[in-house]
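So the chains spell out like this:
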Amino acid sequence: MTAPMKPSHSAPSGPAAPSADGRAAAGGSLHAPVIDWFDEHARDLPWRRPEAGAWGVMVSEFMLQQTPVSRVLPVYEQWLARWPRPADLAAEAPGEAVRAWGRLGYPRRALRLHGAAAAITERHGGDVPPDHAQLLALPGIGEYTAAAVASFAYGQRHAVLDTNVRRVLARAVTGVQYPPNATTAAERKLARALLPDEEASAARWAAASMELGALVCTAKNESCHRCPIAAQCAWRLAGKPAHDGPPRRGQTYAGTDRQVRGRLLAVLREAPGPVLQATLDQVWHEPVQRARALDGLVSDGLVEPLADGLYRLPLG
């Protein structure tokens, strides 16, 4: 990421207007305090160091989706030590990416990252492209990841809307406790309007607002006494009204197909070669759910069926 810089422009503060543009104008005064807080309190994470490069940023973004930093750190370090460049990963079988993914969860991300590495190697000479459109054209890269890599790795001006940023904007600017379950066009418009004009400041704001949501403006037990914009927060000033939208989606794991898939993949990751169906049958007691989970892994390209009831991680 670029060196810390103060934003070159702030819109004057004032009462929030009902439109997204009006709220963004009022929110311009959030930039300096949030970026100053980030300069002092940001965690020292390996993907934020200059030596991480664009590939290190991209790997971190894939791994951090729906997975906490504490679980990502050891896998990230091992991954970059083994595959320091996209071409190194692309040269391996996709099953090796699944194996190295370990227990991070949502292992299709490993296949997508492998596919992106292969495309980077083929189309861009092994270097992660800086252009947002080229990033978006890579397999497995969506709007969020393209914006995050362009912003965090190349210091560009993009709205980077993860769950943490959406929550900060919902509370500080819109005045509600939680954002909608799915990102809306109104949220994207507000986030774009709220970006500082200068590229380096916009990139710093993207990282700073994300960190604020991760450490202070958390989903539960928010620490308003530590928040640099508590005095301006629309939700706090309104008395912290409770969420009155659709029920927030909870994440369950025990007893789900996700848990069964994880157990099946764990056996395949630890095996030096193909695994017998009988061995996989031992990981879960309910045969219908177990078969459904295994079929799902095959359909997702995470497992390859072989002759004689054998299964392995994908080779190609």
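All of the points below concern the structure found in this document.

Thresholds, definitions, all that
In this numbering scheme, every chain counts its residues from 1 along its sequence in written order. In keeping with the predicted nature of the model, local features appear solely for residues at pLDDT of at least 70, side-chain atom pairs appear and are counted solely at 80 or more, and the whole-chain, interface and lining totals rest on all residues. Note: side-chain values were computed over all heavy atoms of the structure, leaving out hydrogens and water. Nonpolar core, defined: a set of buried Ala, Val, Leu, Ile, Met, Phe, Trp, Tyr and Cys residues in which side-chain atoms within 4.5 Å join the residues together. Each residue is placed in one exposure class: buried if its accessible area under a 1.4 Å probe, protein chains only, is under 20% of its type's maximum, exposed if it is over 50%, and partly exposed if it falls in between. Residues count as neighbours in contact if any of their non-hydrogen atoms are within 4.5 Å of one another. Each helix is a run of DSSP H or I of at least 4 residues and each strand a run of E of at least 2, with the numbering of both proceeding from the N terminus. How far a helix is expected to stretch is found by multiplying one less than its residue total by 1.5 Å. The arc under discussion is defined with respect to the helix axis, by the directions toward the C-beta atoms.

Observations concerning the nonpolar core
- Among the nonpolar cores identified, the biggest contains 82 residues, and W55, M58, M63, W79 and L113 are the most heavily contacted of them.
- Ignoring anything within four residues of it in the chain, the contact list for M63 reads V72, V75, Y76, W79, W101, L104 and R109.

Focus on the environment of H285
- You can see H285 is positioned in the loop between helix 15 (277-280) and helix 16 (287-299).
- Put simply, H285 and V260 are 25 residues apart on the chain and 9.8 Å apart in space, counted from C-alpha to C-alpha.

With respect to the environment of V69
- Mapped onto the elements, V69 comes out in helix 4 (residues 69-82).
- Along the primary structure V69 and L45 are separated by 24 residues, whereas in three dimensions their C-alpha atoms are 8.9 Å apart.

Quick notes on the environment of Y106
- Residue placement: Y106 occurs in the loop between helix 6 (94-101) and helix 7 (108-124).
- Between the C-alpha atom of Y106 and that of M63, which follows or precedes it by 43 residues, the distance is 9.3 Å.

Brief notes about helix 16
- The end-to-end C-alpha distance of helix 16, which contains 13 residues, comes to 18 Å, matching closely the 18 Å that a straight helix rising 1.5 Å per residue would cover.
- Among the residues of helix 16, Q289, R290, A293, L294, G296 and L297 are the ones counted as buried. Angular distribution of buried residues about the axis of helix 16 spans 155°; they occupy a single face of the element. More than 90 degrees from the buried face of helix 16, the exposed residues found are V288 and S299.
- Considering only its buried residues, helix 16 is in contact with helix 14 (257-270), helix 15 and strand 3 (310-312).

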